[in-house]
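# Report on the structure
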Amino acid sequence: DASITLWDIETGQELIRLEGHSEPIGNMVFTADGKHLISGAYDDSMILWNVETGQIIRRFQNPSGDVNVIDLSPDEKTIIAATTKNMMRMVSVMR
């Protein structure tokens, strides 16, 4: 599945569905405040999402292959991604 579904763990209700990738999600990470999510997928892309609205803030195309590991730097200004081609990529996040 290429979508991300966020659930309310107390009620079991679906909160929001994020759709923007064309291939399955490899990994994702929330920002510390929980307002944003960054997903990496097997479509060679990473997406920065607004979790409350479901809007795509920014899409990053990754020429180095499918993204299977993703993380944020401690200051949350840089996305660190590892790909299926054994490449590491760092991308500046402008929020």
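These lines cover the structure that appears in this document, whether it is placed above or below. (Residues numbered from 1 in each chain as written. Predicted model: local features only at pLDDT ≥ 70, side-chain atom pairs only at ≥ 80, totals over all residues. Heavy atoms only, no water.)

## Notes on the nonpolar core
Counting twelve residues, the largest nonpolar core is built from V29, I38, M46, L48, F60, V67, I70, L72, I79, A81, V91 and V93. Breaking this core down by element, the ones donating at least two residues are β5 (45-50), β7 (67-72) and β8 (78-83). With three residues, the single largest contributor to this core is β7. Excluding residues that lie within four positions of it along the chain, L72 makes contacts with V29, F30, T31, I38, T78, I79 and I80. In this structure, L37, I47, W49 and V51 belong to the second largest nonpolar core, which totals eight residues. (Core = buried A, V, L, I, M, F, W, Y, C linked by side-chain atoms within 4.5 Å. Buried < 20%, exposed > 50% of the residue type's maximum accessible area, 1.4 Å probe, protein only. Helix = DSSP H or I, 4+ residues; strand = E, 2+ residues; numbered from the N terminus. Contact = heavy atoms within 4.5 Å.)

## Looking at unusual backbone geometry
Here D44, not a glycine, exhibits a phi torsion of approximately 65°, which is positive. Residue position: D44 is located in the loop between β4 (36-41) and β5. Look at D44 and you get partly exposed, because its relative accessible area is 27%. Even without being a glycine, N86 presents a positive backbone phi close to 60°. Mapping N86 onto the fold places it in the loop between β8 and β9 (88-92).

## A closer look at the pattern of salt bridges
All chains considered together, the criterion is met by one salt bridge. A salt bridge links E14 to R17; its shortest N-O distance comes to 3.2 Å. (Salt bridge = Lys/Arg side-chain N within 4 Å of Asp/Glu carboxyl O.)

## Let's talk about the sheet that holds β8
Note: strands within a sheet are paired through backbone hydrogen bonds, in either parallel or antiparallel orientation. Strands sit in the order β7-β8-β9 across an open sheet of three strands; the sheet is antiparallel. The sheet is open, and its two edges are formed by β7 and β9, each paired on a single side. Mean inter-strand twist for the sheet, computed between neighbouring axes without regard to direction, equals 25°. (Pairing = 2+ DSSP bridges. Axes fitted to C-alpha atoms, helices over the stretch in contact; angles between N-to-C directions.)

These figures come from the coordinates and say nothing about function on their own.
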